[in-house]
Amino acid sequence: MKEIFHSYLYVRENLHELEEIMKIIMLGAPGAGKGTQAKLIAGTYKIPHISTGDIFRANIKEGTDLGKKAKTYMDQGLLVPDELVVDLVVDRVAKEDCKNGYVLDGFPRTIPQAEALDKALAALGENIDYAVDMEVPDANIVNRMSGRRACPACGATYHIVHIPTKKEGICDRCGKELILRDDDKPETVKKRLDVYHDQTQPLIAYYKRSNILKEVDGTKDMDEVFKSIAAIIGA
Ligand code: AP5
Ligand code: MG
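A short tour of the structure in this document, coming up. (Residues numbered from 1 in each chain as written. Chains lettered and ligands numbered in written order. Predicted model: local features only at pLDDT ≥ 70, side-chain atom pairs only at ≥ 80, totals over all residues. Heavy atoms only, no water.)

**A short note on the packing of aromatic side chains**
The criterion, for reference: When two rings of Phe, Tyr or Trp (its six-membered ring) have centres within 6.5 Å they constitute a pair, described as stacked for plane angles under 30 degrees, edge-to-face for angles over 60, and tilted for the intermediate range. Exposure categories follow from relative accessible area, calculated using a 1.4 Å probe and restricted to protein chains: below 20% of the type maximum is buried, above 50% is exposed, and the middle band is partly exposed.
Under the counting rule described, the total for this entry stands at 1 aromatic pair. A ring pair is formed by Tyr-206 and Tyr-207, whose centres lie 5.0 Å apart and whose planes are at 85°; its orientation type is edge-to-face. Across this residue pair, the class does not change: Tyr-206 and Tyr-207 are buried.

See below:
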């Protein structure tokens with residue numbers, strides 16, 4: 001009887017997970033931990049993680065036209081123009097695997113991008129459920145970025161002090177050698193922070209107005225931050 005009851009609870013919990021459609025935007029400065037938390041959310045709730053930065057880096061690696069164009073902006077710490085990113089994301093979220101939701105990481109990054117997304121979703125009768133803003137002061141950011149190491153093969157990210165790998169310089173997940181991202185040099189990080197305050201931070205007020213803004217303290221350790229996010233999205 002006890003087992004049947006536990007199975008019932010299990011099925012009920014999982015049905016709840018499937019019924020819940022979660023469309024989440026991660027907001028925050030470069031290095032605030034958007035990618036780290038987006039991967040945890042995507043893995044836990046089985047929804048796609050869509051990172052525009054990762055899409056551009058993959059295009060750069062493959063040498064596509066989009067990659068060549070994006071690289072000229074990214075290397076300077078500037079945003080890639082809206083027209084190169086909006087259609088790409090709007091097409092991506094219309095794909096079949098996004099029907100139960102998704103987590104957008106690094107998009108939108110300007111008010112015109114947010115408006116274009118809202119318009120495209122409204123045309124489908126959809127909307128974003130949560131915009132999670134990860135608050136981390138600028139002073140912490142440079143340290144996080146210089147310590148970040150990324151896997152060029154599987155996309156996993158680590159921090160040499162806060163989230164270390166088991167073997168130094170080697171990805172825990174796939175065994176490849178880790179790299180420091182080109183745009184993580186301190187002078188480029190500073191430019192990215194300026195661009196963030198100027199062009200992306202206004203999105204906080206934008207999503208506050210639509211009542212979907214949720215703020216989390218991104219300075220806590222990775223698991224604590226994830227607990228706060230899980231409590232917010234209520235899943
Ligand atoms: P993108 O790749 O999105 O970079 P970003 O926003 O600058 O953010 P990062 O990926 O650097 O940081 P993150 O918040 O994901 O932090 P992470 O989890 O890695 O974009 C790159 C470029 O592409 C842009 O500059 C732009 O040119 C272009 N671009 C992309 N999207 C665009 C768009 N929509 N429009 C126009 N241009 C666009 O964490 C950072 C480090 O901290 C890691 O080492 C991590 O291990 C560590 N860490 C994470 N959480 C914690 C914690 N709680 N405690 C301690 N350490 C932690
Ligand atoms: Mg990222």
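Having seen the model, we can carry on.
**Describing the pairing of strand S3 (residues 101-105)**
Just so we agree on the cut-off: Helix and strand assignments follow DSSP, with helices taken as H or I runs no shorter than four residues and strands as E runs no shorter than two, numbered in order from the N terminus. At least two bridges found by DSSP between two strands are what make those strands a pair.
Among the 5 residues in S3, 5 count as buried, and that is most of the element. Where burial is concerned, the two faces of S3 agree: the one with Gly-101, Val-103 and Asp-105 and the one with Tyr-102 and Leu-104 are both buried. Where strand S1 (residues 22-28) and S3 come together, 5 bridges link them in parallel fashion. Bridge pairing links Ile-24 to Val-103 in S3. Pairing analysis gives 3 bridges linking strand S2 (residues 49-51) to S3, with the strands arranged parallel. When the sheet's bridge partners are listed, Ile-50 is paired in S3 with Leu-104.

**A few points about the environment of Ala-230**
When you line up the elements, Ala-230 lands in helix H10 (residues 222-233). Given the relative accessible area of 17%, Ala-230 is considered buried. For the pair Ala-230 and Leu-40, spaced 190 residues apart in sequence, the C-alpha to C-alpha distance is 10.0 Å.

Scope: geometric values only; no functional claims are made or implied.
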